[in-house]
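# Structural overview for review
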Amino acid sequence: MERDYVPRRASSAAPARRRPPQRGGRNSRNNRRKNGPPPIFLIALGLLLVVLIVVLVIVFTGGNKGKKEPSGNSASSSASQISGSTGSELSNPASQVSAASTPEPTPPKEKDVSGLEVEKLDSMLRVGDSGYEYYSFVEETANQYTTMVAKAGAELKGSATLYDMVIPTSMDILLPEDFLADVNTSDQKKAINYIYGSINAQNPDVKTVPIFDALKLHNNEYIYFRTDHHWTQLGAYYAYAEFCKSKGIEAVPLTQFEKKEYPGFLGSFYADDNALSANPDTVEAYLPKANATLDYTTGDDDTITDWPVIQDGTDYDKENLYLIFIAGDQPYEEITNKDLNDGSACVVVKESFGNAFVPFLVNHYQHIYVVDYRYYKGNIAALAKEKGATDVIMLNNISMTRNADLVDSISGKF
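Time to look at the overall build of the protein. Broken down by element type, the protein carries 12 helices and 13 strands. Pairs at least 24 apart in sequence give 73% of the contacts found in the protein among residues at least 6 apart. Of the roughly 20300 Å² of accessible surface on the protein, a fraction of 50% belongs to carbon and sulfur atoms.

Dropping the structure here:
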């Protein structure tokens, strides 16, 4: 059964602010004496009017000042609006997201998919030469995720700031909305707004990083692979830029990275549909110029030292080219920027989507500690405190937030 597409709500215009009543011109003293009330009465009335205006100003400005809008939300979103037939229909959402006060930038023209061959497979949708991962919103698991993030932020309070980033898949970023109306998938933007709104409601100290709109603004660029479910490193860069905005630092311009290209990549979608082999991907790598090295611990507890942050992919098998980023999915990694000596440190909690993101952080921290929560056996909060990390950055692709096993796995690490 195809999902019922719920169009995004248009932001309602803000009501016009009522202007305070204006006082009339002064009458002559003689007229006041002849026709008006006694002077003492007029003075008292004027003072009362001034007090009333001051009270109104305090109410309007003070009341609005205390309100905090959830991060990264541009449309009202509740759980019942998110799910199609693939997700749960809910009547009691954890939160609703307020409309943003600033207009959204206009994204590029949507991709024209008319005339392209469409094949609906169990694990993916193929449109032309590109694969797309389905997403189904599950309220119970999403609520477990938001509770986990809020509790993690509370555990870290006083020692580190927690940043949470939910990464959309290519389907909602690259495919047109009218096309998605007939696809059995949930609305990812509304799901992310729901998740962020719930996190902010439970723990406003957690910084939720909005990246959906930033990626949408670049949907005509090579920000997701065609044959694989991951984003490209260019897509990860635009998310990194949004993180820098949230942290209040300047992102390093993309032009300051050395770019390498490794063609012929056939990723995870290729295993499901060999038709994608006709147009393989190119893995583009943006190498940080910092003098940085990486040490990592394998699943067998072996330690590998002095590994490149981004490895040369020339001799990699074509299907493994995404593994050039930070040595792939390792339980624990330490990256050291030898050009810095300020003691700055962060912990990154990720799965494979985080691999392409981490190299951009090298420019900002002397020490980066990377944890793949699926394999790491320690306590992340204790690690952050031990290493003196001031930031903990949680990167999860949106499909993780519907997987109860993965949410349970990360919950046990805080």
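Turning our eyes to something else, we now look at the packing of aromatic side chains. Under the defined criterion, the tally for this structure stands at 15 aromatic pairs. A ring pair is formed by phenylalanine 137 and tyrosine 194, whose centres lie 5.4 Å apart and whose planes are at 85°; its orientation type is edge-to-face. One end of the pair, phenylalanine 137, is in the loop between strand S3 (130–132) and helix H4 (139–156); the other, tyrosine 194, is in helix H7 (residues 188–202), and 57 residues separate them in sequence. Residue classification places phenylalanine 137 among the buried residues on the basis of a relative accessible area of 0%.

Before going further, it helps to examine the packing of H4 against H7. Between H4 and H7, the least distance of the axes is 9 Å, while the angle of their chain directions is 40°. Overall, the two elements H4 and H7 adopt an arrangement that is oblique. Between H4 and H7 the crossing geometry is right-handed. Residues Glu139, Ala142, Asn143, Tyr145, Thr146, Thr147, Val149 and Ala150 of H4 pack against Tyr194, Ile195, Ser198, Ile199 and Gln202 of H7. Among the residues making up the contact of H4 with H7, the classes are represented as 7 nonpolar, 5 polar and 1 charged.

A few words on the pairing of strand S8 (residues 292–297). Direction of pairing for S8 relative to strand S10 (residues 332–337): antiparallel, over a ladder of 6 bridges. Across the sheet, residue alanine 292 finds its bridge partner in S10, namely asparagine 337. By the bridge criterion, 3 bridges tie S8 to strand S9 (residues 303–307) in an arrangement that is antiparallel. Opposite threonine 297, over in S9, you have threonine 303 as the bridge partner. The antiparallel hairpin formed by S8 and S9 contains 5 residues in its connecting segment, where aspartate 301 sits at a positive phi of about 70°.

Below, the discussion takes up the sheet that holds strand S1 (residues 118–120). The 3 strands are arranged S1-S2-S3 in an open sheet whose pairing can be described as antiparallel. Both edges of this open sheet fall to S1 and S3, since each of them pairs with a single strand only. On average, adjacent strands in this sheet sit at an angle of 20° to one another, irrespective of strand direction. Across 3 bridges, the pairing between S1 and strand S2 (residues 125–127) is antiparallel. Of the residues in S2, the one forming a bridge with glutamate 119 is arginine 126.

Turning our attention to the sheet that holds S10. Overall, mixed pairing links the 8 strands, which are arranged S5-S4-S13-S11-S12-S10-S8-S9 in an open sheet. Looking along the sheet, the strands with just one partner apiece sit at the ends: strand S5 (207–208) and S9. Here strand S11 (residues 345–350) pairs with strand S12 (residues 367–372) via 6 bridges, running parallel. Across the sheet, alanine 345 pairs through a bridge with histidine 367, a residue of S12. Packing of H4 onto the sheet brings it into contact with strand S4 (161–167) and strand S13 (391–397), and relative to S4 it is tilted by some 160°. The strands touched by H7 are S4 and S5; relative to S4, the strand with the most contacts, the crossing angle is about 165°.

With that settled, consider the pattern of salt bridges. Taken as a whole and assessed by the stated rule, the structure comprises 19 salt bridges. Among the ionic pairs, lysine 259 bridges to glutamate 261, the shortest N-O distance being 3.5 Å. What makes glutamate 261 partly exposed here is its relative accessible area of 48%. With its nearest N and O atoms 4.0 Å apart, the salt bridge here joins lysine 387 to glutamate 386. Here lysine 387 falls in the partly exposed class, since its relative accessible area comes to 26%.

Moving on, we get to the packing of H4 against helix H12 (residues 404–411). Two numbers describe how H4 lies on H12: the axes approach to 10 Å, and their chain directions differ by 15°. Considered as vectors, H4 and H12 are oriented roughly parallel to each other. Here H4 runs over H12; the crossing is left-handed. Touching Thr141, Gln144, Tyr145 and Met148 of H4 are Ala404, Val407, Asp408, Ile410 and Ser411, all from H12.

On to unusual backbone geometry. Non-glycine residue aspartate 301 carries a positive phi angle of around 70°. With respect to the helices, strands and loops of the structure, aspartate 301 is situated in the loop between S8 and S9. Of note, aspartate 306 is a non-glycine position whose phi angle comes to about 55°, a positive value. For aspartate 306, a relative accessible area of 55% corresponds to the exposed category.

On to the nonpolar core, then. Within soluble globular proteins, side chains that are nonpolar generally end up buried alongside one another. Counting residues in each nonpolar core, the largest one holds 105 residues, and the members touching the most others are Tyr145, Trp231, Ile335, Val347, Phe357, Leu361 and Ile368. Looking at which element gives the most residues to this core, the answer is helix H9 (residues 233–247), with 8 residues. If sequence neighbours within four positions are ignored, isoleucine 368 has contacts with Glu333, Glu334, Ile335, Cys346, Val348, Val358, Leu361 and Val362.

Calculation notes
- Residues numbered from 1 in each chain as written.
- Predicted model: local features only at pLDDT ≥ 70, side-chain atom pairs only at ≥ 80, totals over all residues.
- Heavy atoms only, no water.
- Helix = DSSP H or I, 4+ residues; strand = E, 2+ residues; numbered from the N terminus.
- Contact = heavy atoms within 4.5 Å.
- Areas by Shrake-Rupley, 256 points an atom, 1.4 Å probe, with all protein chains shown as cover.
- Phe/Tyr/Trp six-rings, centres within 6.5 Å; stacked < 30°, edge-to-face > 60°.
- Buried < 20%, exposed > 50% of the residue type's maximum accessible area, 1.4 Å probe, protein only.
- Axes fitted to C-alpha atoms, helices over the stretch in contact; angles between N-to-C directions.
- Parallel < 35°, antiparallel > 145°, perpendicular 65-115°, else oblique.
- Left-handed = near helix turned anticlockwise from the far one by under 90°.
- Nonpolar A, V, L, I, M, F, W, Y, C, P; charged D, E, K, R; others polar.
- Pairing = 2+ DSSP bridges.
- Salt bridge = Lys/Arg side-chain N within 4 Å of Asp/Glu carboxyl O.
- Core = buried A, V, L, I, M, F, W, Y, C linked by side-chain atoms within 4.5 Å.

By themselves these figures say nothing about function.
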